[in-house]
Every structure is written in structure tokens, then in C-alpha cells.
Amino acid sequence: MAPSFQDIVEEARLSARALLDYGEGFFNPTVRLGVTGLSRAGKTVFITALIHGLTRGGRFPVFEPYASGRIAKARLTPQPDDAVPRFAYEEHVRTLIEQRRWPSSTVDISELRLVIDYQRQNGADRTLTIDIVDYPGEWLLDLPLLSKSYEQWSAESLALSREGPRVKLAAPWHAHLATLSAEGREDEQAALSTAKLFTDYLRACRDDRFAMSLLPPGRFLMPGNMAGTPALTFAPLDVATDGTAPDGSLWAMMKRRYEAYKDVVVRPFFRDHFSRLDRQIVLVDALSAFNAGPEALYDLEAALSGILDCFRIGRSTLLSNLFRPRIDRILFAATKADHLHHSSHDRLEAVLRRAVAKAADRAEVAGAAIDVVALSAVRATREATVTRGRDKLPSILGTPAPGEIANGETFDGETEVATFPGDLPADPAELFNGGFRGLSSASSEKADFRFLRFRPPLLEHESGKEPTLPHIRLDRALQFLIGDRLQ
Amino acid sequence: MNEKTPHRRPATFKLDDPGVVVMDSDETGHLARGTVRITPESDPSLLPVPIDMPLVPVRRGFRWGTLFWVAVGGLVLLGTGLGIVNLIEDLFARNESLGFVGLGLAMAATLALTVVIAREAFGLARLATIEKLHLRAAEVLLSDDRESSRAIVVDLVKLAHQNPQLARARAALAGHADDIIDGADMIKLAERELMTPLDQEARRLVSSAAQRVSIVTAVSPRALIDVLFVFVASLRMIRQLALLYGGRPGTLGMVRLMRHVIGHLAITGGMAASDSLIQQMLGHGIAAKLSQRLGEGVLNGLLTARLGLAAIDVTRPLPFTALPRPALADLAKDLLRKKDDEG
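Residues numbered from 1 in each chain as written. Chains lettered and ligands numbered in written order. Predicted model: local features only at pLDDT ≥ 70, side-chain atom pairs only at ≥ 80, totals over all residues. Heavy atoms only, no water.

Novice: Explain the overall build of chain B to me, please; I cannot follow it from the model alone.
Specialist: A count of helices and strands for chain B gives nine helices and three strands. Along chain B, helices (α) and strands (β) appear in the sequence β-β-β-α-α-α-α-α-α-α-α-α when read from the amino end. Across the 343 residues that make up chain B, the buried fraction comes to 35%. A sequence separation of at least 24 residues applies to 67% of the contacts in chain B between residues at least 6 apart. Looking at chain B as shown, the accessible area adds up to about 20500 Å², and 65% of this sits on carbon and sulfur atoms. (Helix = DSSP H or I, 4+ residues; strand = E, 2+ residues; numbered from the N terminus. Buried < 20%, exposed > 50% of the residue type's maximum accessible area, 1.4 Å probe, protein only. Contact = heavy atoms within 4.5 Å. Areas by Shrake-Rupley, 256 points an atom, 1.4 Å probe, with all protein chains shown as cover.)

Novice: What am I meant to see in the overall build of chain A here?
Specialist: Helices and strands together make up the secondary structure of chain A, namely 16 helices and twelve strands. By its C-alpha atoms, chain A is 70 × 65 × 40 Å across when sized along the principal axes. When each of the 487 residues of chain A is scored for burial, the buried share is 57%. Sequence-distant contacts, at least 24 apart, represent 76% of the contacts inside chain A between residues at least 6 apart. Accessible area of chain A: about 20300 Å², with a carbon and sulfur share of 52%. Considering chain A, the positive charge centre built from 60 side chains and the negative charge centre built from 65 side chains are found 3 Å apart. (Lys, Arg positive; Asp, Glu negative; His and termini not counted. Charge placed at Lys NZ, Arg CZ, Asp CG, Glu CD.)

Novice: Explain the pattern of salt bridges to me, please; I cannot follow it from the model alone.
Specialist: Two side chains with opposite charge may pair up if their charged atoms get near one another. Following the criterion strictly, the structure yields 35 salt bridges over all chains and no others. Here R75 of chain A and D117 of chain A are joined by a salt bridge, their closest N and O atoms 3.0 Å apart. Of this pair, R75 of chain A sits in strand β2 (residues 71–77) while D117 of chain A sits in strand β3 (residues 110–119), and the two are 42 residues apart along the sequence. Of the residues examined, D117 of chain A reaches a relative accessible area of 16% and is grouped as buried. For the salt bridge of R256 of chain B with E131 of chain B, the shortest nitrogen-to-oxygen distance reads 3.1 Å. Here E131 of chain B lies in helix α2 (residues 96–143) and R256 of chain B lies in helix α7 (residues 251–290), a separation of 125 residues in the sequence. Shared partners join several salt bridges into a network, and the residues in it are R40, D208, E404, R450 and R453 of chain A. (Salt bridge = Lys/Arg side-chain N within 4 Å of Asp/Glu carboxyl O.)

Novice: Quick question: what am I supposed to make of the sheet that holds strand β8 (residues 382–388) of chain A here?
Specialist: Each strand in a sheet pairs with its neighbour through backbone hydrogen bonds, running either in the same direction (parallel) or in the opposite one (antiparallel). Pairing is mixed across the open sheet formed by six strands, whose spatial order is β1(B)-β12(A)-β9(A)-β8(A)-β3(B)-β2(B). Edge positions in the sheet fall to β1 (11–14) and β2 (20–22) of chain B, since each has one partner strand and no second. Taking the axes of each pair of neighbouring strands and ignoring which way they run, one obtains an average angle of 30° across the sheet. Examined bridge by bridge, strand β9 (residues 391–398) of chain A and strand β12 (residues 417–420) of chain A share three bridges and lie antiparallel to one another. Across the sheet, I396 of chain A pairs through a bridge with T419 of chain A, a residue of β12 of chain A. (Pairing = 2+ DSSP bridges. Axes fitted to C-alpha atoms, helices over the stretch in contact; angles between N-to-C directions.)

Novice: I keep staring at the packing of helix α6 (residues 223–244) of chain B against helix α8 (residues 292–315) of chain B and nothing clicks. Help me out?
Specialist: Packed helix pairs are characterised by how far apart their axes lie and by the angle those axes make with each other. Residue and element names in this part refer to chain B. For the pair α6 and α8, interaxial distance at closest approach is 10 Å and the crossing angle is 30°. Accordingly, the angle class assigned to the pair α6 and α8 is roughly parallel. Remark: the crossing between α6 and α8 carries right-handed chirality. Taking contact as the criterion, the partners of D226, V230, S234, M237, I238, L241 and A242 in α6 are, on α8, R293, N300, T304, L307, G308, A311, I312 and T315. Per-class residue counts for the contact of α6 with α8 are eight nonpolar, five polar and two charged. (Parallel < 35°, antiparallel > 145°, perpendicular 65-115°, else oblique. Left-handed = near helix turned anticlockwise from the far one by under 90°. Nonpolar A, V, L, I, M, F, W, Y, C, P; charged D, E, K, R; others polar.)

Novice: Just to check I follow, could you spell out the nonpolar core for this structure?
Specialist: Counting 91 residues, the largest nonpolar core has L237, F274, F290, F311, F332 and L348 of chain A as the members making the most contacts within it. Beyond its immediate sequence surroundings of up to four residues, F290 of chain A is in contact with L297, L348, V351, L424, L431, F436, G438, F449 and F451 of chain A. (Core = buried A, V, L, I, M, F, W, Y, C linked by side-chain atoms within 4.5 Å.)

Novice: Could you clarify how one ought to interpret the side chain of S395 of chain A in this entry?
Specialist: All names here are of chain A. Structurally, the position occupied by S395 is in strand β9. Within the structure, the side chain of S395 is placed 3.0 Å from the backbone oxygen of L393, a separation counted as a polar contact. When near neighbours in sequence (up to four residues on either side) are disregarded, S395 contacts H341, R382, E383, A384, V386, T419 and F420. (Polar contact = N/O pair within 3.5 Å; in protein donor to acceptor, adjacent residues only side chain to side chain.)

Novice: Even after reading the chapter, I still don't get the packing of aromatic side chains, so can you show me in this structure?
Specialist: Residues and elements named next belong to chain A. Applying the stated rule across the entire model yields 28 aromatic pairs over all chains. Pairing F220 with F234 gives two aromatic rings, centres 5.1 Å apart and planes at 70°, and the pair type is edge-to-face. With F220 in helix α8 (residues 218–221) and F234 in the loop between α8 and α9 (250–273), the pair connects residues that are 14 residues apart, well separated along the chain. The two residues F220 and F234 agree in class, both being buried. The structure contains a cluster of three or more aromatic residues connected by ring pairs, namely Y150, W153, W173, F198, Y201, F220, F234, Y258 and Y261. Sitting over the face of the ring of W139, R219 holds its NZ or CZ atom 3.3 Å from the ring centroid. Between the NZ or CZ atom of R354 and the centre of the ring of F432, over which it lies, the distance is 4.2 Å. (Phe/Tyr/Trp six-rings, centres within 6.5 Å; stacked < 30°, edge-to-face > 60°. Lys NZ or Arg CZ within 6 Å of the ring centre and 35° of its normal.)

Novice: When you look at the confidence of the model for chain B in this model, what are you seeing that I'm missing?
Specialist: Low pLDDT means the predicted atomic positions in that stretch should not be read closely. All names here are of chain B. Of all residues in chain B, 77% have pLDDT values of 70 or greater, and the mean over the chain is 78. Helix α1 (residues 64–94) holds the highest mean pLDDT among the elements of chain B, 94, whereas helix α9 (residues 328–342) holds the lowest, 62. Predicted confidence is poor over residues 44–51, with pLDDT under 50, and the contacts of this stretch with residues over four places away or in other chains come to 15 contacts. (pLDDT = per-residue confidence, 0-100.)

Novice: Looking at this structure, how should I read α2 of chain B?
Specialist: Each full turn of the α-helix corresponds to 3.6 residues, which orients residues three or four apart in the same direction. Helix length check: α2 of chain B, at 48 residues, gives a terminal C-alpha distance of 69 Å against a target of 70 Å (1.5 Å per residue), a fit within 8%. The positive-phi residue at the C-terminal boundary of α2 of chain B is D144 of chain B, with phi of around 60°. (Expected span 1.5 Å × (residues − 1).)

Novice: Before we go on, may I ask you to explain the interface of chain A and chain B in this structure?
Specialist: Taken residue by residue, the interface counts 44 residues in chain A and 32 residues in chain B. With both sides pooled, the region where chain A packs onto chain B buries about 3500 Å², and carbon together with sulfur makes up 50% of that total. Summed over the shared surface of chain A and chain B, the number is three salt bridges. Inspection of the chain A/chain B interface yields twelve residue pairs in polar contact (both at pLDDT 80 or more). For the side of chain A that touches chain B, the secondary structure elements donating two or more residues are β8, β9 and β12 of chain A. No other element matches the six residues that β8 of chain A contributes to the side of chain A that touches chain B. Partitioning the side of chain A that touches chain B into residue classes produces 17 nonpolar, ten polar and 17 charged. One ladder, built from five bridges, connects β8 of chain A with strand β3 (residues 36–40) of chain B; its direction is antiparallel. Each bridged residue has a counterpart across the sheet, and for V386 of chain A the counterpart in β3 of chain B is I38 of chain B. (Buried area = accessible area lost by both parts, 1.4 Å probe.)

Novice: Any chance you could explain a negative patch on the surface here in plain terms?
Specialist: Together, D361 and E364 of chain A together with D145 and E147 of chain B give the surface a local cluster of negative charge. Tracing the backbone through its elements, the reader meets E364 of chain A in helix α14 (residues 357–365). Since its relative accessible area comes to 44%, E364 of chain A is described here as partly exposed. (Patch = residues over 30% accessible without salt bridge, like charges linked within 9 Å, V, L, I, M, F, W, Y side chains within 5 Å.)

Novice: Even after reading the chapter, I still don't get the packing of helix α5 (residues 183–219) of chain B against α8 of chain B, so can you show me in this structure?
Specialist: Residue and element names in this part refer to chain B. Their axes nearest at 7 Å, the elements α5 and α8 cross at an angle of 155°. One finds that α5 runs roughly antiparallel with respect to α8. Viewed along their axes, α5 and α8 form a crossing whose handedness is right-handed. Along the contact surface, α5 presents A202, V206, A209, A210, V213, S214, T217 and A218, while α8 presents R293, E296, G297, V298, N300, G301, T304, A305, G308 and I312. Here the residues of the contact of α5 with α8 are counted per class, giving nine nonpolar, seven polar and two charged.

Novice: I keep staring at the sheet that holds strand β7 (residues 369–374) of chain A and nothing clicks. Help me out?
Specialist: Residues and elements named next belong to chain A. Strand order in the open sheet formed by seven strands is β2-β3-β4-β1-β5-β6-β7, and the pairing between neighbours is mixed. The open sheet has two free edges, formed respectively by β2 and β7, since each of these has just one partner strand. Going across the sheet, the axis of each strand differs from the next one's by a mean of 20°, ignoring polarity. Looking at chain direction, strand β1 (residues 30–37) and strand β4 (residues 125–134) are connected through four bridges and run parallel. Bridging from a neighbouring strand, R32 pairs with D131 of β4.

Set out below in C-alpha cells:
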């Protein structure tokens, strides 16, 4: 698509902003850390654990500036944007430590600023500011829409809804769609009902049994304060990709609303939070895709590659810093690594490496540094070996969240269990060839993997002080993401 | 999935189930048939390798000392040059043939000086390469970066090229170059292949130096001879270690190495003292009961061994990860055993 006038204006706006930021950054070095991840990937927990670890003194042996004692102090300061809610850090910590629950799913954007006082290796005192943004992961799915027209999006959404386990879930919407005529007169009631059925279908795909990821537009799932507005009342129609909409038709109405959605929702979101990142961590929850089945894994791969295409990645130069900031380090992190024995972490990393191969190659060619890591921001389990007959199963011990089901038994959130989630194959290609069964196609006894959801760990308060949160490789992630800025 | 490890199905066991027993790994008890046994493992939060102390403290600020020595050196060189030019002019004024002899000698001296300086510079550069390699390897062990691990292995092989004993190890390593091995594992592989023979040789060098020192101290008539001998033997040992691991230190290189070794000893000495103090006092005490000189000999030998260990840390191009770091206890054992053999 040739760049429209609107795109050019947008670019100019972004460049002006970048120039302004560069001037500020001169006196007050800032790292904009993009915490990217689909919903339930663990963004909120990651941010909470990162802040908690830095401000309360966590165990970070691999994070060099911290381990060697050069970081004097990390503190929270008021954020730069007055219009964005503050990240409810204290509340999330309380939920995690005292109630032993995971923070509930994020419904709106929030922001926090962390300032690190440190001493450089040559002895000079410096500060580094880290801006972190938390947002519902669903919204991220909107970014690829920026480069698609309504017709393209319609065609893709329809094609997708006719594949695999989605067909069954989309049946009511498909039935209603068949009654609509795209060229017919515009009709608010028809638009309302088709949008509702479409949203129901998207919501159904998200169920744990299917764990689909590629479900744009994201605001349909997490509308925030936009619920019920015309910008959120549209749906794909069965129209030709290269056709033009007749005036006054249903098609034209939908198209107008789709464009409005991009203008009102997607573009500002991208401009304010993603166009100016320096470092990025992409959190991926591969385990729920293993639970659900091969289709969920393909979906995850497609969603990730679509999203990562939207970011500006490459080596930072003076010119790029001035006008078009680029992300020069990306860390792909397979979250919830504590749900596996550490001997399987390498295999989990291999799966993630395979899933993001395209995006990672592109980033490397552009000159960005990339790394893949299996991490757990808050470690909920311990490890154990289970000896059953002659078998020795590398397992984990933990308390499953209430409502989790295994062996046909529902847990109450108090019983401790040892679980062996199933062997990951040495070669990740086997998973991507569809060689395993998940909950979407088999009953829970037949599935090849079962990753239970665990409650946060029980932590002991030491002499009235807040305990530190245990983690897996959070320090390595930090070292990669900001270690070089704290030299 | 290969035949060796068929996919194992997921399984969940409740800890309060009567058929499940939780026990530590050191407990051994007979279990009834069909009982599932769960052994909690130690906390793997210590899993990631802790960072080693940097071998060489990071330089801070401008190096005024270096500037001073460079400037003074330049002045001395200029002065000497001026003196020689004057001398040759005088010689020509007195007798032409004498002048030519003087000129020839001056040129020979200049040539030799150039070669010596070049060799020193080369030696220093090589030491710096090894130190940098060590740092890079330590970094890769943390970051697990595949690309840079490849680069390090290539540099290592280049460094090891001069050592004919490593021909087979180099070939084996080159064979793995195309395999898919993670960064940290690649470094460990290289360490196992290339460093095993060198480490054995290094250990032999250190223990033989320590042994010599202890014997000489035990029999020497004067303390001054002890001190001189210990100094010479230590220098020789450090030089041999550097040569073994691929460095070729000249005089300046030795000065630099010596500084790093002593600096490293100062950092690690405290730790080493705590874990081997008892054993050392025991050895010293018993030996001293037999004879005071013998006791001093053992003590001096142990000190030399400790210096040797620090020198190994500094001269080795890779940090110790896959292979065990030689401990003072091993060397002390060598020292006493050989003594027994001879005694």
C-alpha cells in the first residue's frame, strides 16, 4: 500500500517527538523498556517482579551492576504522562505476597517510572530512568491492522475463522453473516448483532481449551471505556479484496468504522507507547499453547510475527536516535519456566526460538542484538524427582490454583502436588509439525502435556521485612536488557 | 522423538495421597510396591553461574603513571641518542675509520633495540589478547550467545596453533564447529578439549616449583638465599605457565603478569586462606615438630603453590567452568607425597 497522506503526517509527528525526547535524554538518560506480550503472558507479574527486585534488593547474581554493588538505589518516581493511570505496583505486590493470587488480567493502560542511581565503572555517579508501560495484551493484536485495509482484514479474518477448531466456535456468526448483504443498505441493528456475534466468537477462541492468540481487533475483547461506541461496532463482511464499497451500503459503514477504529484506538496507542522504544522484551506463554494443541501453537507463531513486524528494529545510530528511534536489543522470553523442571528449559528455549525465528532473523539482519531465554519472574514451584517404579520423572512441586483440573480431580488451592508436565521433544520441529495432542482435540487424560497453573509461592516474612520474590533468570534478562546502559 | 527417550506422559501426584512418600535423597528406606517416591531437589536459584571476580581490576581515569614513564623514557632515549650522535661526530673528527666503526656499532645497537621493543610489544599484545579472551569467555558463559562463542573458539584455536600437543584437540574442536551447540556449552567443550592437557602440565609445573622451593628452603644455610631462590623460582614458574597457555611474555610482559598475579592473589588469597588454613597449619605444625627447617620448607612450598594457582588463573585463556579449578589441597598432597618418595 502506498503511504497515504495520513501516514506521512503520522511519521512527521513521530519524528518531531523523537527529536524532543533526544534533547531530554541528553541530560537525563532514559531507557524506554517495552514489555510486550499477548494477554496472560505475564506482563504485569514481570513488571512487578522487576520493580520489586530492584527496589527491595532481590537476588540478582547475573545482573552485573547490581551484583557488584554499583547500583546504589532504585526508586519509583512520578511518571511523565499525567493522563495515564499509575501502575498499581503496591497493590500487585500485596496480591502476590499476601493473598497468594496472580494479579487479575489488566484492563487498562498504566505506567510507571523507575530511577536507578548507580556509579559507573570509572567512578562517576549517574542516574538512569526506566519507563515501563503495562497494558492489556489483547490491544497488541491491533498493531498489524495499521497496514491493512478493511477488505484485506475481512478476507483474512474470514479465512482464519474457517480453519481448525475455530469453525465450530464461529458457526453462529457464520450463520448470521450469510443473511447479510454487503451491498445492501446500511443498518445499525444488523451491524450491532453481527459485531456481537463476532465478539462472542473471538471470546470463545480464548478459552483455555483452545488458547488461540490471533484474535484482532483487540479492543473487542478488552473494550475499556470504549464499549458500545460505533468505533467498536463493526465486523468482517464477505467482500472482495479489491472491490469498492457502494455509497450508503453496509459495507461502506463497516469500512468507515474500521478506519475510525484505527484512527481513534490503534494509532494513538502505537504512537504513545511503541514508536519510541529502546529495548524490548517479548514475553511468550508457550505452555498454554502446549496445553491446547498444535493449532494454538501455530496461532501463537502467527500472532507474534504479525506484531513484531510493527516495531522498528535495528542498530541505533545518531541519526536514528534523532528522528526514528529503533529498538537495538530484543529479548524473547518464554515465561512461566517454573512450570517445568530446569532440565527442560533448553528445550523450551528451542521451541520459542523456532516460533520467533522469522522475527529474530529480521532483527539480526537489521543489526539488533537478540537473545532467547526461559524465565519466570516469580517462581511458584520447587523441583523434585518422582520415582515411580523404574521411572524417574523430573517434576515440580507447587500448589495448583483453585479450579485447576488434573486426573479428573479439581484442586482447591490448598493441596500441594508434584506434577510432571510431559517431555518436550529435543527437536522443536516435532511440535510444529502438529505431532502432539492438546485439550482442543483430546480429553484431558489423552493430552500429551499438562501444565497446571500454580499459586504464587508462600514466602516467609523475615523480621517484618517484605520478602524478596524468587525468580528464574530474571537477572539474566535484566543484564541483557539494561546491563550495557549501566556500564 | 528419538528411540532413546520416548515421550513420557504427564502425571500429577498429590502429596497427601497415601500412595505417595516424600523423602530426601539421602534417606533410604524400603518402599512398598507401587509407592511413588518424591525427592525434593535443592534450590536451583543458585543455578546460574555466579560471576567470577574480574581478574584484572577495571582501570579508572587517566593513566598518569603511564604517561610519566613514557615521557621519561622518551627523554632518556633522546638524551642517549644525542650523546651517541656527539660521540660519533667526535670519532669522525679524530679519525675517519674510527668514525665508521662507531657508526656501525650505533646502527647495530639501534637495530637490536628495535627488535627487542617489537618483541616486547608483541608479547604484551599477546597477553592482552589472552586476558580479553578470558573476559569474553566469561561473558558468553553468562549470555549463552552462540555467535560470539564461535568467534572465541576460532581465536582460541589460533592461539593454540603453536602448541603441537594440541593438534588432535584442535581437529576435534573444528569438527564440532558446525554442530548446533549453545554458546556456553561451546565454551565448555573448548575448555575440555584444549585445556585438559595444559591444565595437567600446569599443575605439574606448579607442584615441581613448589617442591623445589621447599627443598631448597629446608637445606639452605641462609635466609637471603631462600628469598632469592623463591623469587627466581616463582618468576620461572609464572613464565613457564604463560608460555604453556600461549602467552610469550618478554621483560615488560613479565612485570605486567607479576602485577596481575599478585593483584589476583590479593583478591583470592583471603578466600583461599579460609578454606585451607586448618590443613596448612596442620601440615606446618606436624612438620615443624619434626624439624623447624622442614616446617619452613613446607610453608614456603605452599606459598609458591598458591602463587602458582593465581598465575594459572591469570594466564589461562578460559575461566574454569567445565574443568575443576586445581585446589591448594591437591598441590599440597603432591608436595608431601613427593617428599615422602624422596625422603
